[in-house]
Amino acid sequence: MARANASWSEENFSCSICLDVFNSPVSTPCGHNFCRNCITNFWDEQVKYKCPVCNKLFDTRPDLQVNTLFSEMVDRFGTSVRVKEQPCVEPAEVPCDVCTGTQLKAVKSCLVCLISYCQTHLEPHQRVVGLKKHRLVEPMDRLEDRMCKKHDRLLDLFCQTEQVCVCQFCTEGDHKSHPVVPLKEEYEVKTAQLGKIEAEVQQMIQERLNNIQEIKDTVNHSKEDADREIADGVHILTALKRCIEKCQDDLNQMVKKRLKSTEKKAEDLIKELEQEIEDLTSRNSEVKQLSHTEDHHHFLQAFRSLKDPPPTRDWTTVEVRPPSYVGTLRRSLDQLEETLNMEMKKLCDAELKRVQQYEVDVTLDPDTAHPKLTLSEDGKQVHDGGVVKQLPDNPKRFTKNIRFLTRQSFSSGRFYFEVQVKDKTAWGLGVARESIDRKDRIIASNENGYWTLYYNDELIFHDDPFVGLPQRAELQKVGVFVYYDEGLVSFYDVEARVHIYSATGCSFTEPLYPFLYPGPFDYEGNNSAPLIISPVNQTD
């Protein structure tokens, strides 16, 4: 029998009416098998009852009999077919807990049985009335984790106090006084929160994408800056190289020209001397010949022409002076310096235009002002009013030094602002860190948290020690550029379009504030002009 069954195909277990595997097979009196529903529906439509296979007629509607052995064979064949059609479990999938031997992929998990089922073993849950009430979910692994370890009951409740899943018995013990809700209710609450969490995560992702883009933009800008710096350097150095070559060529030609002139003069003088020597030698020969003659008449006639010396130059006043090359090289270097200054001015002008692109709009903070200082309504101008005002005590206010900070501070990147110093006889400006001492008389040096340019009869940068700078005639407006991340503070003469000074390698670890010192006002009216924070005009 086993060998016979093994050789049977699906056709042997198929209903001849629906052509599918038998479902609840029954037999007719003539010995043919059909699905119960198929043969019943077939006879319901017939006046006479006959077998659909052999067409045998029955006088009355036959009683259908169940062939127990055949039904078992059909069930086994159907199970075998369904098993073959189902996929085996893969490493990342949930296996059927009922399968023995080759485990099939689970299609559902039962939260009541705490078992995962393949399609075949799930069939009772789809047929048996009591099992149909069980809660089926998508396949889950480790269903034992859903059981309370202490009470061996399903964890179907949620403790809101301790934020853990509990069983019914837990609510009568350790969690008796805690608010407890069904898992579904807490699931709905947490699901609603999930949208907010997802939005926050998406925002964090976007912020990091923005950070990546900022870093890429910084690299691209750095590359552009590097390319521009190289191009400017090549341009200037090429111009200097050409200038040096020209200076060298001009120097060589000038020296050679002077030397050639001296050599020509010396050569002409030598020729003239040689000619006089030749003439004198000839005369000397004539004198010797005449000294040996005894012809008185000839002697006297010839002596008259020989007694006067031949016409010659007075060589006591003639000299060949070597050419002087003093100042020749210096003049060449002056020309080189002029070219260098011209190229430096072009470079500085381009540099100033670049940093002016980082202009920031800053206004003075009245809460920081020394009581003697007077501020304009727009917060752009400040001067020493000469009178100490009664102002509220403020931890940000300068009380000993006549200084002022802006409302705005900067903790990264680049920023630039300009201050008019026209008609001022004393002033100071730059940047200061947030934690500077505002209550004691402190020198505004780098060591004390200031990076500032000062003027009072001389222009200096307050470093340790102070850096004296060349005087700039008619300095009217000063530009201040700060590159926080690079530790750079640069000052520019805006009207002359030239660089004044740069402090490099500065250590910035906290916010920086633009800083102004209008200088003291005297009662003769000196230094009464205000310091003015001016808008940038790149057409200057």
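Here's what I pulled together on the structure shown here. (Residues numbered from 1 in each chain as written. Predicted model: local features only at pLDDT ≥ 70, side-chain atom pairs only at ≥ 80, totals over all residues. Heavy atoms only, no water.)

## Here's the deal with a nonpolar patch on the surface
A cluster of nonpolar side chains, contributed by Leu 194, Ile 197, Val 201, Ile 205, Leu 209 and Ile 212, occupies part of the molecular surface with about 500 Å² of accessible area. Note that Leu 194 resides in helix H6 (residues 183-291). (Patch = residues over 30% accessible without salt bridge, like charges linked within 9 Å, V, L, I, M, F, W, Y side chains within 5 Å. Areas by Shrake-Rupley, 256 points an atom, 1.4 Å probe, with all protein chains shown as cover. Salt bridge = Lys/Arg side-chain N within 4 Å of Asp/Glu carboxyl O. Helix = DSSP H or I, 4+ residues; strand = E, 2+ residues; numbered from the N terminus.)

## Considerations on the sheet that holds strand E20 (residues 488-493)
Spatial ordering of the open sheet is given by E11-E12-E23-E14-E19-E20-E21, a layout of seven strands whose pairing is antiparallel. The sheet is open, and its two edges are formed by strand E11 (373-375) and strand E21 (498-503), each paired on a single side. The mean angle between the axes of side-by-side strands here comes to 20°, regardless of whether they run parallel or antiparallel. In terms of strand pairing, strand E12 (residues 381-384) meets strand E23 (residues 531-534) through two bridges, oriented antiparallel. Note that in E23 the partner of Val 382 across the bridge is Leu 531. (Pairing = 2+ DSSP bridges. Axes fitted to C-alpha atoms, helices over the stretch in contact; angles between N-to-C directions.)

## Section: the packing of H6 against helix H7 (residues 296-306)
Running from N to C, H6 and H7 cross one another at 155°; their axes reach a closest spacing of 11 Å. As summarised for this structure, H6 and H7 are arranged roughly antiparallel, according to the angle between their axes. Seen along the crossing, H6 lies across H7 with a hand that is left-handed. Only His 298, Phe 299, Ala 302, Phe 303, Ser 305 and Leu 306 of H7 make contact with H6, whose side of the interface consists of Arg 283, Glu 286, Val 287 and Leu 290. (Parallel < 35°, antiparallel > 145°, perpendicular 65-115°, else oblique. Left-handed = near helix turned anticlockwise from the far one by under 90°. Contact = heavy atoms within 4.5 Å.)

## Describing the sheet that holds strand E10 (residues 180-182)
With antiparallel pairing, three strands are arranged side by side in an open sheet as E9-E8-E10. Two strands in the sheet have a free side with no partner beyond their single neighbour: strand E9 (164-166) and E10. Across the sheet, the axes of successive neighbouring strands diverge by a mean angle of 40°, strand direction being ignored. The sheet contact formed by strand E8 (residues 157-159) and E9 spans three bridges and is antiparallel. The residue of E9 that forms the bridge with Phe 158 is Cys 165. The strands touched by H6 within the sheet are E8, E9 and E10, with E10 carrying the most contacts at an inclination of about 90°.

## Quick notes on helix H2 (residues 36-44)
Restricting attention to buried positions, one finds in H2 the residues Cys 38, Ile 39 and Trp 43. For H2, the arc enclosing every buried residue in end-on projection is 120°, short of the 170-degree limit, so these residues lie on one face. Where H2 is buried, its residues touch strand E1 (25-27), strand E2 (33-35), strand E3 (49-50) and strand E4 (57-58). (Buried < 20%, exposed > 50% of the residue type's maximum accessible area, 1.4 Å probe, protein only. Arc of directions from axis to C-beta.)

By themselves these figures say nothing about function.
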